[in-house]
Amino acid sequence: MSDKPAYLTRDGRARLEAELEELVTKGRKEIAERINAAKELGDISESGEYEDAKNQQAHLEGRIREIKSILARAQIIDEENGSNHEVRIGSRVTVRIDGEQEEETWTIVGSTEAKPSDGKISNESPIGAALLGKRPRQKVTVETPSGVMKLTIVSIE
């Protein structure tokens with residue numbers, strides 16, 4: 001796994017901790033029961049149920065390792081003490097895309113919590129990375145997979 005920091009909001013950390021608890025307690029128990037039930041059916045060498053349960057177990061254990069790694073590298077984003085002078089991880093940035101009248105507001109978060117449909121963009125995404133360190137009224141040009149995008153920072157919270 002990676003050694004780079006995993007930037008999380010307090011809420012994001014709490015969600016991951018809850019997911020981990022659910023997987024370790026309930027998830028492992030359910031899969032163990034499925035494996036035992038499949039074994040009781042007889043010949044496991046030809047059992048699709050047994051194979052499926054083992055695959056699900058491998059997936060679950062992989063997710064547990066992933067969450068533990070993220071939590072071990074977690075750096076909490078202090079959303080309350082944000083600066084409105086410069087974009088940083090945790091900032092809510094309102095921008096105007098050149099050629100459009102409407103403004104868009106995005107929160108810059110770590111890649112673990114990114115969800116563009118909810119207005120949360122990763123600090124590692126082309127737009128997120130280009131906005132970091134910028135100030136209000138500054139123009140930013142971003143190379144995105146869909147082409148060049150020009151933005152003007154309207155405000156930072």
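Scroll up to find the structure this text is about.
As the structure is a prediction and not an experimental result, all values here were calculated from the model.

Rules behind the numbers
- Residues numbered from 1 in each chain as written.
- Predicted model: local features only at pLDDT ≥ 70, side-chain atom pairs only at ≥ 80, totals over all residues.
- Heavy atoms only, no water.
- Helix = DSSP H or I, 4+ residues; strand = E, 2+ residues; numbered from the N terminus.
- Salt bridge = Lys/Arg side-chain N within 4 Å of Asp/Glu carboxyl O.
- Buried < 20%, exposed > 50% of the residue type's maximum accessible area, 1.4 Å probe, protein only.
- Expected span 1.5 Å × (residues − 1).
- Bend = angle between axes of the 7 residues up to and from the residue.
- Contact = heavy atoms within 4.5 Å.
- 1 Å grid on protein atoms, 1.4 Å probe; cavity = no way out; pocket = protein on both sides within 12 Å on 5 of 7 lines; lining within 4 Å.
- Points joined across faces, edges and corners; volume = space filled by probe spheres on them.

K.L.:
Hey, could you go over unusual backbone geometry for me, with residue numbers and the actual values?
P.N.:
You will see that Arg137, though not glycine, has its phi angle at about 70°, which is positive. Along the chain, Arg137 turns up in the loop between helix H3 (126-131) and strand S6 (139-144).

K.L.:
Hey, could you go over the pattern of salt bridges for me, with residue numbers and the actual values?
P.N.:
For side chains bearing opposite charge, pairing can occur when the charged atoms are close. Tallied over the full model, the rule gives 14 salt bridges. Asp11 is the partner of Arg15 in a salt bridge, and the nearest nitrogen-oxygen pair spans 2.3 Å. Taken as a pair, Arg15 and Asp11 lie in helix H1 (residues 10-40) at a separation of four residues, close to a single helical turn. You can call Arg15 partly exposed: its relative accessible area is 42%. Residue classification places Asp11 among the partly exposed positions, given a relative accessible area of 47%. Here Arg96 ties to Glu103 by a salt bridge, and the two come within 2.6 Å at their closest N and O atoms. What makes Arg96 partly exposed here is its relative accessible area of 33%.

K.L.:
Please give an account of H1 that cites residues and values.
P.N.:
Residues lying three or four places apart along an α-helix face the same way, a consequence of the helix completing one turn every 3.6 residues. Under the 1.5 Å per step criterion, the end-to-end length of H1 is 44 Å for 31 residues, consistent within 8% with the ideal 45 Å. Where H1 bends most, the angle comes to about 35°, and this point is Leu23. When H1 is considered as a whole, its buried residues turn out to be Gly12, Leu16, Leu20, Leu23, Gly27, Ile31, Ile35 and Ala38. In this structure, the buried residues of H1 make contact with strand S1 (6-8) and helix H2 (48-72). The positive-phi residue at the C-terminal boundary of H1 is Gly42, with phi of around 120°.

K.L.:
Now, about the layout of surface pockets: what can you tell me, with residues and values included?
P.N.:
Estimated volume of the largest pocket: approximately 290 Å³. Considering the residues around the largest pocket, the lining is formed by 22 residues, among which Leu16, Ile70, Ser111, Thr112 and Glu113 are closest to the centre. If you list the elements that add at least two residues to the lining of the largest pocket, you get S1, H1 and H2. At four residues, the largest contribution of residues to the lining of the largest pocket is made by H1.

K.L.:
Residues and numbers for H2, please.
P.N.:
When the terminal C-alpha atoms of H2 are compared, their 36 Å separation across 25 residues agrees well with the 36 Å that a helix rising 1.5 Å per residue should span. Restricting attention to buried positions, one finds in H2 the residues Tyr50, Ala53, Leu60, Ile64, Ile67, Ser69, Ile70 and Leu71. Each element contacted by the buried residues of H2 is listed here: S1, H1 and strand S2 (74-76).

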